[in-house]
Structures are given as C-alpha cells and as structure tokens.
Amino acid sequence: MLGSLTQENESVNTSQLLVIIIDSSPAQKYVRDEPGALYKVIDALVAFGNAHVLLNSGNQVAFYASTITDSHMLYPIEKRADDSTQSLHQVDGQYEQFLALELLIRRNMKVLTNDKGFIPQKISDEEGLSTCLASTLLKALTFINLKEKKLAADEVLSSRILIVSGSCESTAQYMAFNNAFFAAQKQGITIDACVLGPYATLLNQGADITGGIYFKPPGGHVGLLQHLLWVFLPDTTMRKELTLPPTEPVDYRAACFCHRQLISEGFVCSVCLSITNIVNLG
C-alpha cells in the first residue's frame, strides 16, 4: 500500500508559484522618511523569494512592481540577445538562479527609481497619490492563468500572491480590487498582504475573501525578512499547523461612487447596484 501511495505521488508533479507585488510608490511614508528603505524591503523580498524556490526544485517565483502611473514585471522577463544575465556563473558559491533573480530585480528597480517622478522628499500626504496596486494584481492573476494553461497533464500548480505595500487607502480602485479578489477566489489563488503603512481596508478584505493572511509587522520595514519567513513562507496547507499572528477584524464597508469614500450607510441603485452616499442625496 505504501508503494502504491508513493507511486501515485510521484506520478503528479506538484509545484508552487509565488507572485510578489512590491509597492514602489514614492508616496509611501516609510519611503519618504528614509529613501533607502525601499531597497531594504527589496533585499528582504529577494531573500524571501529565494527561500521559497529553495523549498522545492519545482517552485517558481515572480516579481511585479507597482508605481503611481503603471505596473512593471521585474522577474522573470524575456531574455534579450545582449542580456548579460544569460551567462551567469557562481559568485562565492551562489546558485545561478538566485544570482539572476537578484540582478534582474535590482536592475529593473533601478530603472524605475531613476525616473524623474520618483522623488520621495517632494511628495506630501496632501497630494493623495495612489499606486496602481489593483492593475498590478490583475496582471499577476493573468500571469498565473497563463502558467496554468501551459501545464502538462501530470502537473499541478498551486499559486498565491503576496502584496507588500505601505501606501494609503485608495478607494478609487474599489471595483478593480473587488474584481481581482473574487477572480482570485474563483481560481483558488490565495492573496496575502504585508502592510508597511496605515491600515489597508481593501487589502484586508482581499486576504479574508481568498483565505490569505493580512499582517502588519510591528517594526514596519525594520526586520522585515524574519516576519516574511515566519508568516508568509509556509503554504496554505502548512499554516494550519502553525501558530500565526491573530487576524485583525475585517472592515467590509463599501466605497460610494460619488465621493469614492468608505461608508457605513448609503443607498443602492436598483438598476446598476451602485452605492451612493446619503449626503449626496440630500
């Protein structure tokens, strides 16, 4: 019987895909207070991604960056003919895939942060700049869907998404976020949220809808790697056996279409189901 179970497990190749979304907006408070803090977060996420790949030879990782105006894929990307990462060799015994991941992410993030719009010191809270997290999340879901379509008959891919953000709440993206959350739930994709800023209502809703974890590290970006390895490295099946931080209450308030604000009471249109603020009807 043991031999039959082993043979059955070997006949199915199970791998895990982890998509990490980095909020690289210069409007984040911890970035404005310490411009170099963003690269500290990136270093922690690169080490975290390598740890995920190290768990299983079939594990995969992908990185996306969300900015104020756009979203960018950092890794993996299509190789060019003049790409120097094609012929990488070990550096102090470092695994080639780890080296390629680190170099590509650092190079692509350098291009983003060298943009003229990335000036954290000149951005204030009053400007209300929001990052394109919703569109980046939808791109990540599309990437996962393409990966699943390319699977062989004996392959199984378990996917999850980790969002690391310190931006303020963006209720203008309320509908896009909800579309992404329910699409992920339908696909069986878990969305985790690591928040480095104020309480993020929509990210907490997404984590609760998809069965993920919403966690705000006590020290913010300081000591981030140890929290990532403790809370987010275990997969969804292993988390049931671990003692994880208690979950925060989920705020399921909806955003009105008139002011793009979260409201507790309002009116719902019977035709289009849009929510309107009570004050707007007076």
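Residues numbered from 1 in each chain as written. Predicted model: local features only at pLDDT ≥ 70, side-chain atom pairs only at ≥ 80, totals over all residues. Heavy atoms only, no water.

(A) Representation of the overall build of the chain within the structure. Across its full length, the chain holds ten helices and ten strands. Long-range pairs, those at least 24 residues apart, make up 68% of the contacts in the chain between residues at least 6 apart in sequence. When the accessible surface of the chain is summed, it comes to about 15100 Å², and 55% of that surface belongs to carbon and sulfur atoms. (Helix = DSSP H or I, 4+ residues; strand = E, 2+ residues; numbered from the N terminus. Contact = heavy atoms within 4.5 Å. Areas by Shrake-Rupley, 256 points an atom, 1.4 Å probe, with all protein chains shown as cover.)

(B) Quick peek at the packing of aromatic side chains. If you walk through the whole model with that rule in mind, you get five aromatic pairs. Arranged with centres 6.3 Å apart and planes meeting at 85 degrees, the rings of Phe 215 and Trp 230 form a pair that is edge-to-face. Taken as a pair, Phe 215 in strand E6 (residues 214-215) and Trp 230 in helix H8 (residues 224-232) lie far apart in primary sequence, 15 residues in all. Looking at Phe 215, the relative accessible area reads 9%, which means it is buried. Look at Phe 215 and Phe 232: their rings are 6.4 Å apart centre to centre, the planes differ by 65 degrees, and that puts the pair in the edge-to-face class. (Phe/Tyr/Trp six-rings, centres within 6.5 Å; stacked < 30°, edge-to-face > 60°. Buried < 20%, exposed > 50% of the residue type's maximum accessible area, 1.4 Å probe, protein only.)

(C) Looking closely at the side chain of Thr 201. Mapping Thr 201 onto the fold places it in helix H7 (residues 201-210). The exposure class of Thr 201 is buried, given its relative accessible area of 5%. Among residues more than four places away in sequence, those in contact with Thr 201 are Glu 169, Asp 251 and Leu 262.

(D) Up close: the confidence of the model for the chain. Mean pLDDT over the chain works out to 83, with 82% of the residues at or above the 70 mark. In the predicted structure, residues 1-9 sits below a pLDDT of 50 and forms zero contacts with residues beyond four places in sequence or in another chain. (pLDDT = per-residue confidence, 0-100.)

(E) A look at helix H5 (residues 133-149). Under the 1.5 Å per step criterion, the end-to-end length of H5 is 25 Å for 17 residues, consistent within 8% with the ideal 24 Å. Within the sequence span of H5, burial applies to Leu 133, Ala 134, Thr 136, Leu 137, Ala 140, Leu 141, Phe 143 and Ile 144. Of the surrounding secondary structure, the elements contacted by the buried residues of H5 are strand E1 (13-23), strand E2 (60-66), strand E3 (71-75), strand E4 (155-165), helix H6 (174-187) and strand E5 (190-195). (Expected span 1.5 Å × (residues − 1).)

(F) Seen up close, the nonpolar core. Among the nonpolar cores identified, the biggest contains 37 residues, and Phe 63, Ile 105, Leu 228 and Phe 232 are the most heavily contacted of them. It is helix H3 (residues 37-55) that provides the largest number of residues to this core, a total of ten residues. In contact with Phe 232, not counting residues within four places along its chain, are Phe 48, Arg 160, Leu 162, Asp 192, Ala 193, Cys 194, Ile 213, Phe 215, His 227 and Arg 239. Counting 33 residues, the second largest nonpolar core, distinct from the first, contains Tyr 64, Leu 157, Ile 191 and Val 195. (Core = buried A, V, L, I, M, F, W, Y, C linked by side-chain atoms within 4.5 Å.)

(G) Spatial organisation of the environment of Asp 23. By the element assignment, Asp 23 lies in strand E1. Using a relative accessible area of 0% as the deciding quantity, one classes Asp 23 as buried. Note: C-alpha distance between Asp 23 and Ser 167 (144 residues apart in sequence) is 7.6 Å. Excluding its chain neighbours within four sequence positions, the residues that come into contact with Asp 23 are Gln 28, Tyr 30, Leu 38, Ser 66, Thr 131, Leu 133, Val 164, Ser 165, Gly 166 and Ser 167. A polar side-chain atom of Asp 23 sits 3.1 Å from the main-chain amide nitrogen of Ser 25. In terms of polar contacts, Asp 23 uses its side chain to reach the side chain of Thr 131, at 3.3 Å. (Polar contact = N/O pair within 3.5 Å; in protein donor to acceptor, adjacent residues only side chain to side chain.)

(H) Spatial organisation of the pattern of salt bridges. Going through the model one piece at a time under the given rule, you end up with eight salt bridges. Of the charged contacts in the structure, one is a salt bridge between Arg 106 and Asp 43, with a shortest N-O distance of 2.6 Å. Note that Arg 106 is positioned in helix H4 (residues 96-113) and Asp 43 in helix H3, a separation of 63 residues in sequence. Here Arg 106 falls in the partly exposed class, since its relative accessible area comes to 34%. Accessibility expressed as a relative area gives 35% for Asp 43, which makes it partly exposed. (Salt bridge = Lys/Arg side-chain N within 4 Å of Asp/Glu carboxyl O.)

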